[in-house]
Amino acid sequence: MPSDKILIVDDEAAIREMISIALDLAGYSCLEAEDALQAHHLVVDERPALILLDWMLPGMSGIELARRLKRDENTREIPIIMLTARGEEDNKIQGLDAGADDYITKPFSTRELASRIKAVLRRANVLHQENAIEAEGLKLDPVSHRITADDNPVDMGPTEYRLLAFFMSHPERAYTRTQMLDQVWGGNVYVEDRTIDVHIRRLRKALEPFGYDRFIQTVRGTGYRFSIQTGDKAEPV
């Protein structure tokens, strides 16, 4: 049985109670917060394993709290699942861009929520390995969440970081967009394949000044791969 601590952030007490009861039955321990300020204090003091974060909160919104947590090196590794009534694809992309690891639209079943939590925690454990990954002069340190190219810092968003971490952990293998959505975002995140292309462009742009955008290669008829081989050239998407 799981024993991870889950922080539930929602301004509606009834929703917090419903989720807390369901997760308690699933073996999780729960913390509750009704706004972003209270949630931030609990994150710092309690270090939950995962945060369930409502988009619409009084004062600071859930999306702003997610951005704040992902900017802080002390909290950026904590996975976030957004809970919201906003079901449009643009809203989902905005949530994922802010660093959310998954996105669930209300209303949802508690069984589905427990399944999503388990999947996100599993992916987080894979991505948050301890050892640095290097490919020629490109280095990703999963402990500090820093990326360097020839010892120069590389700045990129949280989604691009997760994408690069996945690529560098699985080099020389071609992945379809569907496989990448499942591995990096989770198969239950309902966004179009073009979302992958957007983040691939951003990742290449971040690596381009150092010449390492060539490692992110387009595989015709399949998708993408990470390779240090010079035989293939990264194609525009």
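Conventions and cut-offs
- Residues numbered from 1 in each chain as written.
- Predicted model: local features only at pLDDT ≥ 70, side-chain atom pairs only at ≥ 80, totals over all residues.
- Heavy atoms only, no water.
- UniProt positions renumbered as here; feature names shortened; annotations may be inferred.
- Helix = DSSP H or I, 4+ residues; strand = E, 2+ residues; numbered from the N terminus.
- Contact = heavy atoms within 4.5 Å.
- Core = buried A, V, L, I, M, F, W, Y, C linked by side-chain atoms within 4.5 Å.
- Buried < 20%, exposed > 50% of the residue type's maximum accessible area, 1.4 Å probe, protein only.
- Axes fitted to C-alpha atoms, helices over the stretch in contact; angles between N-to-C directions.
- Parallel < 35°, antiparallel > 145°, perpendicular 65-115°, else oblique.
- Left-handed = near helix turned anticlockwise from the far one by under 90°.
- Nonpolar A, V, L, I, M, F, W, Y, C, P; charged D, E, K, R; others polar.
- Pairing = 2+ DSSP bridges.
- Salt bridge = Lys/Arg side-chain N within 4 Å of Asp/Glu carboxyl O.
- 1 Å grid on protein atoms, 1.4 Å probe; cavity = no way out; pocket = protein on both sides within 12 Å on 5 of 7 lines; lining within 4 Å.
- Points joined across faces, edges and corners; volume = space filled by probe spheres on them.
- Domains from an automatic or database assignment.

In the annotation of an unreviewed UniProt entry, the chain is listed under the name Phosphate regulon transcriptional regulatory protein PhoB and assigned to Paraperlucidibaca baekdonensis. UniProt annotates the chain under Subcellular location (unreviewed entry) with the comment "Cytoplasm". The annotation that UniProt attaches to the chain under Function (unreviewed entry) is "This protein is a positive regulator for the phosphate regulon. Transcription of this operon is positively regulated by PhoB and PhoR when phosphate is limited."

A. Spatial organisation of the environment of leucine 138. The topology assignment puts leucine 138 in strand 7 (residues 138-141). In this structure, the C-alpha to C-alpha distance between leucine 138 and tyrosine 212, residues 74 residues apart in sequence, is 7.3 Å. Sequence-distant contacts of leucine 138, defined by excluding residues within four places in its chain, comprise Ile133, Ile147, Thr148, Ala149, Leu164, Met168, Leu207, Tyr212, Phe215 and Phe226.

B. Main features of the nonpolar core. Core analysis: the biggest nonpolar cluster contains 31 residues, and Leu138, Leu164, Phe167, Met180, Leu207 and Phe226 have the highest contact counts within it. Elements with a contribution of two residues or more to this core: strand 6 (133-135), strand 7, strand 8 (146-149), helix 6 (158-169), helix 7 (177-185), helix 8 (194-207) and strand 12 (223-226). Broken down by element, this core gets its largest block of residues, seven residues, from helix 6. Residues in contact with phenylalanine 167, not counting those within four places in the same chain, are Met180, Ile200, Leu203, Ile216, Tyr224, Arg225 and Phe226. Ranked by size, the runner-up nonpolar core spans 22 residues in total, among them Val9, Ala33, Ala66 and Tyr103.

C. Looking closely at the packing of helix 2 (residues 36-46) against helix 3 (residues 62-71). Two elements in contact, helix 2 and helix 3, have axes separated by 10 Å at closest approach and are oriented at 25 degrees. One way to sum up the angle between helix 2 and helix 3 is to call them roughly parallel. When you trace helix 2 past helix 3, the crossing you get is right-handed. Contact residues: helix 2 offers Ala36, Ala39, His40 and Val43, while helix 3 offers Leu65, Arg68 and Leu69. Of the residues in the contact of helix 2 with helix 3, the class split is five nonpolar, one polar and one charged.

D. Geometry of the sheet that holds strand 2 (residues 29-33). Within the open sheet, the five strands sit side by side as 2-1-3-4-5. Their pairing is parallel. The sheet is open, and its two edges are formed by strand 2 and strand 5 (102-105), each paired on a single side. Along the sheet, successive strands turn relative to each other by an average axial angle of 20 degrees, direction set aside. Both strand 3 (residues 50-54) and strand 4 (residues 80-84) contribute to a ladder of four bridges, which runs parallel. Paired with leucine 53 across the strands is methionine 82, a residue of strand 4. In the packing of helix 1 (residues 13-25) onto the sheet, the strands contacted are strand 1 (5-9), strand 2, strand 3 and strand 4, and the crossing angle to strand 2 comes to about 170 degrees.

E. Structural view of the pattern of salt bridges. Throughout the structure, instances matching the rule amount to 11 salt bridges. Across the pair arginine 116 and aspartate 102 runs a salt bridge, and its minimum N-O distance is 3.1 Å. Placement of the pair is arginine 116 in helix 5 (residues 110-127) and aspartate 102 in strand 5, with a sequence separation of 14 residues. Accessibility assignment for this pair places arginine 116 and aspartate 102 in one class, buried.

F. Geometry of the sheet that holds strand 9 (residues 152-153). Reading across the sheet, the four strands line up as 6-7-8-9 and stay open at both edges, with antiparallel pairing between neighbours. Of all the strands in the sheet, just strand 6 and strand 9 have a single pairing partner and so form its edges. In this structure, strand 8 lies alongside strand 9, joined through two bridges in antiparallel fashion. Along strand 9, the bridge assignment pairs alanine 149 with asparagine 152.

G. Representation of the layout of surface pockets in the model. Volume-wise, the largest pocket comes out at about 500 Å³. In this structure, the largest pocket is lined by 27 residues; those nearest its centre are Lys70, Arg76, His145, Pro158 and Tyr161. Counting only elements with at least two residues in the lining of the largest pocket, the list comes to helix 3, helix 5, strand 8 and helix 6. For the lining of the largest pocket, the class distribution of residues is 13 nonpolar, three polar and 11 charged. Domain assignment of the residues forming the lining of the largest pocket places at least three in each of domain 1 (5-128) and domain 2 (133-226).

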